Structures are given as C-alpha cells and as structure tokens.
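Spelled out from the first residue to the last, the chains are:
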Amino acid sequence: MQVRPRENSDLPECVRALREVHESDGYPDRWPDDPDAWLTPTEADAAWVADDANYIVGHALLVRRDDALWVSRLFVRPSGRGLAVGASLLNRIRDHADGRTLMLDVIEHSGAAIALYERTGWSLVDRRPAGWIMADGTRPMERIYVAA
C-alpha cells in the first residue's frame, strides 16, 4: 500500500469507497448531492489516497480554516481496516503540514476514529456541540484534536 497525492482520475473510485463507508458506518451522516464536489472543497489544501495495487482503500484531505490545517474527509474502506491505512494517511498529513498547526474534529460516537487519533498521538483539546444537525435531527457532540 502506498499513500500518494490524489489525482482527479481517482475521484470515481474515491466516491465508490465513500459509498461503502457510508453504507457500513454512516459517514458522512448525509450522502452528499454531489460526492465529487464534497471530496474537492474549495478550501482544500491537499488530498491523498491510500492505494493498494491500484485499488483505493483510503482517502484524506486537509482544509485551511482558522489559521490551521484541518484533517477532513478521512475514511478507510471496510476492506482496508486493520492494515494501518488511517495511520499512514495521518503520517502523510503530518509530513505535509511541516510544523503548521494540525487539527481535526470527530463526533463522539465515532469510536474507531477516536481510537485511531488517540493511538497516533493526537491530543483532545475541546469537546462541544457540533455546529450542525444530523439527519436524525440531533446535534452531536464533537471532539476537537490537535496533532502532537
């Protein structure tokens, strides 16, 4: 498996991977009207894929927000779990950040993601109600992490 910059030609496979994650884990909470656009926000700084023999098993990107870089759209296909795909993507993100502040947010019921972040050295700095409502009408609690 290699982590490499995402190319435009990767988007169809990234959307298929995202669909698998959405169906198995409910991420994202609401399926986007335009998944390609959701994976390519205008505030994106960089994006990567985890590629295993031309099969995309993971995805992550960074967005610029509040004088920091925020990890976003991080997901790993169910078939790629347990293979350090998420940790590899996070390591690549840290290399790219080159000393800039790295942040991420995750909703509290995302236990596997929280375990990954804490296992890979991210520090919890805040816990607060999210600024958005889930499809079921509830406002989730989100945890804010900073890279150590």
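Scroll up to find the structure.
Reading guide: rules and limits
Residues numbered from 1 in each chain as written. Predicted model: local features only at pLDDT ≥ 70, side-chain atom pairs only at ≥ 80, totals over all residues. Heavy atoms only, no water. Salt bridge = Lys/Arg side-chain N within 4 Å of Asp/Glu carboxyl O. Helix = DSSP H or I, 4+ residues; strand = E, 2+ residues; numbered from the N terminus. Buried < 20%, exposed > 50% of the residue type's maximum accessible area, 1.4 Å probe, protein only. Core = buried A, V, L, I, M, F, W, Y, C linked by side-chain atoms within 4.5 Å. Contact = heavy atoms within 4.5 Å.

Some remarks on the pattern of salt bridges
Considering all chains together, one arrives at 13 salt bridges under this definition. In this structure, Arg 143 and Glu 118 form a salt bridge, with 3.0 Å as the shortest nitrogen-oxygen distance. Remark: Glu 118 occurs in helix α4 (residues 111-119) and Arg 143 occurs in strand β7 (residues 141-147); sequence separation between them is 25 residues. When the shortest N-O distance is used, the salt bridge between Asp 126 and Arg 128 registers 3.4 Å. We classify Asp 126 as partly exposed; its relative accessible area is 32%. Assessed through its relative accessible area of 33%, Arg 128 is described here as partly exposed. Taken together, the shared-partner salt bridges in this structure form one network comprising Glu 13, Arg 16, Glu 20 and Arg 77.

Some remarks on the nonpolar core
Of all hydrophobic cores here, the largest spans 25 residues; its most connected members are Val 71, Leu 102, Tyr 117 and Trp 122. At six residues, helix α3 (residues 85-97) tops the list of elements feeding residues into this core. Those residues in contact with Trp 122 that sit more than four places away from it in its chain are Val 71, Leu 90, Arg 94, Leu 102, Met 103, Leu 104, Tyr 117, Tyr 145, Val 146 and Ala 147. Of all hydrophobic cores here, the second largest spans eleven residues; its members include Leu 11, Val 15, Val 21 and Ile 56.

A few points about the side chain of Glu 142
When you line up the elements, Glu 142 lands in strand β7. Classification of Glu 142 as buried rests on a relative accessible area of 8%. With sequence-adjacent residues up to four places away left out, Glu 142 is seen in contact with Asp 105, Val 106, Ile 107, Asp 126, Arg 127, Arg 128, Pro 129, Ala 130 and Trp 132.

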